[in-house]
Structure formats: C-alpha cells, structure tokens
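Working through the structure, step by step
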Amino acid sequence: MKSMFYLTYASRMTWCASVNKDVFTDIYRTSNTFNATQNITGFLCFGNGYFFQYLEGDESKVRELYANICQDSRHKQVTLLSTGYLSHRRFVAWDMAFINMHSPNIHPEMVDFFSLLTPLYWQNADIERMIELFEIHCNTNQFIAKYVHADNGSAIYRYAALHHLVRQHRNFLILYSILILIWAVVMTLLYLD
Ligand SMILES: Cc1cc2nc3c(=O)[nH]c(=O)nc-3n(C[C@H](O)[C@H](O)[C@H](O)COP(=O)(O)O)c2cc1C
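Residues numbered from 1 in each chain as written. Predicted model: local features only at pLDDT ≥ 70, side-chain atom pairs only at ≥ 80, totals over all residues.

Things to note about the packing of helix H4 (residues 108-116) against helix H5 (residues 124-137)
Any two packed helices are characterised by how steeply their axes cross, that is the angle between the axes, and by the distance between the axes. Keep this limit in mind: Axis definition: a line fit to C-alpha positions, over the contact stretch in the case of helices; interaxial angles, taken between N-to-C directions, run 0 to 180 degrees. Under the DSSP-based scheme used, a helix requires at least four consecutive residues in state H or I and a strand at least two consecutive residues in state E, with every element numbered from the N terminus. These descriptions rest on fixed angle ranges, namely under 35 degrees for roughly parallel, over 145 for roughly antiparallel, 65 to 115 for roughly perpendicular, and the rest for oblique. For any helix crossing, the convention is left-handed if the near helix is rotated counterclockwise from the far helix by under a right angle, and right-handed if that rotation is clockwise. The contact criterion used is a C-beta to C-beta distance within 7 Å, with each C-beta placed from the backbone.
For the pair H4 and H5, interaxial distance at closest approach is 10 Å and the crossing angle is 160°. Taken together, the axis directions place H4 and H5 in an arrangement best described as roughly antiparallel. In the crossing of H4 with H5, the sense of the turn from one axis to the other is left-handed. Of the residues in H5, those touching H4 at Glu 109, Met 110 and Phe 113 are Arg 129, Met 130, Leu 133 and His 137.

Following this line, the structure appears as structure tokens:
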C-alpha cells in the first residue's frame, strides 16, 4: 500500500536572504526541530542561488508545511515540481538534511548535476536523479552535520556568485578599466597643459 506522501519544489533565494550570514543555519534549525515533531523527513539543497527540497510524511502535514514555506520571504519563484505516494519512507534517518553545493568536498557528481539545469525546470527524471545522488553520496548523519556546520551561513555562496559574475563580465570590465585609465591620463595631460 502506498501511504507515504512526498512533495518536491524548487525556489530561488532572495537577495536579502543571501546577505544574511545565518540564513542556512536558521532554516536548518527551524526545519529540523519542526519536521521532527511532524514526522516529516527529507532534504534541502542549495546551489547557485536555488533551493531544491524533498519532503515526505503525512499528506496533510506535508502540504501544510509547504504552504507555510511558500510564504517565506527568504525565497521566491517557489515552484511545485512533483507530488506522489510511496510504500515506504525514503529518508528514515533525517528530519531535514541540508546540503550547500558551494561547501568543500560535496561530491562533484552532485555539484555538476545541480549546476547543469536550474532546478525550477527539472523534470521527473531530474528529480529522481537528484534524490538518487543524495541517497548515494550523503547517506550518513555525520555527513549532514558536517556540512551544515562547515557552512556557517551563506558567505561561501556569495563569494561564488560574485566570482561567477566577474568571470561572466570579465572582458567588459577589462575594457571599461582601460577606457577609464585613458580618460584619466588625458584629463591629467590637459590639466598639466
Ligand atoms: C528554502 C526553505 C526551506 C524551508 N524548509 C522548512 C522545513 O522543511 N521545515 C520547516 O519547519 N521550515 C522550513 N522553512 C522555514 C519556513 O518557511 C518557516 O519560516 C518556518 O516554518 C516558521 O514559520 P512560522 O514563522 O510561520 O512559524 C524553510 C524555509 C525556506 C526558505
């Protein structure tokens, strides 16, 4: 009998949340405490500005939690990806595991997969693959604890985002700097005249 309900969604972190260094720790702590009382298990991933969450448990409780999560101002574009029923719980050990893809030592297969396509556009096969990768690479409580505490906030993400932005606009930035330099030299020469 398939009595275990599951739900997945993806969303995008807001700028305001990304400048709060404790954002991940806050979400993780709330989730762990609350989900344990509701017998809801699953995991939350963050990478490149996007969240992906898998929740499983009693249908009304999971739907109620999801409705609450949708109202959270720390993320936007909250997109329901899938719902369904299972015969058993997949993540018995975790009330809510959390993975930040920008943390060191996250398995490259997971990081690459997460970067390939924005989770907002994932199809069923992508969702299943993500869950599978999580089961393969993150199957201990120690792993989860280690990566949550190693993060200590969103600083790693902000650095990665800045790095990405600079790399994307590198040529423009170089050209712009040269033009400013030429302008400064010309102005200095004119002034000296
Ligand atoms: C991406 C994301 C995932 C979240 N996941 C959970 C979760 O699994 N469980 C939970 O209790 N809160 C979660 N939260 C926090 C809730 O949105 C909300 O802040 C929390 O339930 C407290 O709600 P309340 O202030 O109405 O009591 C999440 C927030 C975000 C931004």
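On we go.
Describing the sheet that holds strand E4 (residues 75-86)
To be explicit about the condition: The pairing criterion for strands is at least two bridges between them, as found by DSSP.
With mixed pairing, 5 strands are arranged side by side in an open sheet as E4-E1-E3-E2-E5. Edge positions in the open sheet fall to E4 and strand E5 (97-100), since each of these has one partner strand only. Between one strand and the next, the sheet's axes are offset by a mean angle of 10°, whatever the strand orientation. Set on the sheet, H5 makes contact with strand E1 (4-13), strand E2 (41-47), strand E3 (50-57) and E4; between it and E4 the angle comes to about 80°.

Some details on the UniProt feature "transmembrane region" (unreviewed entry) in the chain
Here is the rule we go by: UniProt positions are given in the numbering used here, feature names are shortened, and annotations may be inferred rather than shown by experiment.
Within this numbering scheme, the UniProt entry marks residues 172-192 as carrying the feature "transmembrane region" (unreviewed entry). Measuring from the first to the last C-alpha atom of residues 172-192 gives 30 Å, for a span that is 100% helix and 0% strand.

Digging into the pairing of E3
We count it as follows: Here the C-beta atoms are placed from the backbone, and a residue counts as buried if at least 20 other C-beta atoms lie within 10 Å of its own, exposed if 12 or fewer do, and partly exposed otherwise.
Here E3 lies mainly inside the structure; 7 of its 8 residues are buried. As paired elements, E1 and E3 share 8 bridges and run antiparallel to each other. Bridging across to E3, Ser 11 finds its partner in Phe 51. Note that E2 and E3 share 7 bridges and pair antiparallel. Each bridged residue has a counterpart across the sheet, and for Cys 45 the counterpart in E3 is Phe 52.

Details of the site of the ligand
Short version of the rule: Near, for a residue, is defined by distance from a backbone-placed C-beta atom to a molecule or strand, with 6 Å as the limit that must not be exceeded. Note on residue categories: nonpolar means Ala, Val, Leu, Ile, Met, Phe, Trp, Tyr, Cys or Pro, charged means Asp, Glu, Lys or Arg, and polar means any other residue, Gly included.
Around the ligand, a shell composed of 16 residues is seen, among which Ser 31, Phe 34, Phe 51, Asp 72 and Arg 74 lie nearest. Of the residues assigned to the shell around the ligand, the class counts are 7 nonpolar, 7 polar and 2 charged.

A few points about the pairing of E2
Summarising burial for E2: 7 of the 7 residues are buried, a large majority. Covered by surrounding structure in E2 are Thr 41, Phe 43, Cys 45 and Gly 47 together with Gly 42, Leu 44 and Phe 46, the residues of both alternating faces. A loop of 2 residues connects E2 with E3, the two strands running antiparallel in sequence, and Asn 48 in this loop sits at a positive phi of about 50°. Where E2 lies against E5, 4 bridges are found, and the strand directions are parallel. Opposite Phe 43, over in E5, you have Ala 97 as the bridge partner.

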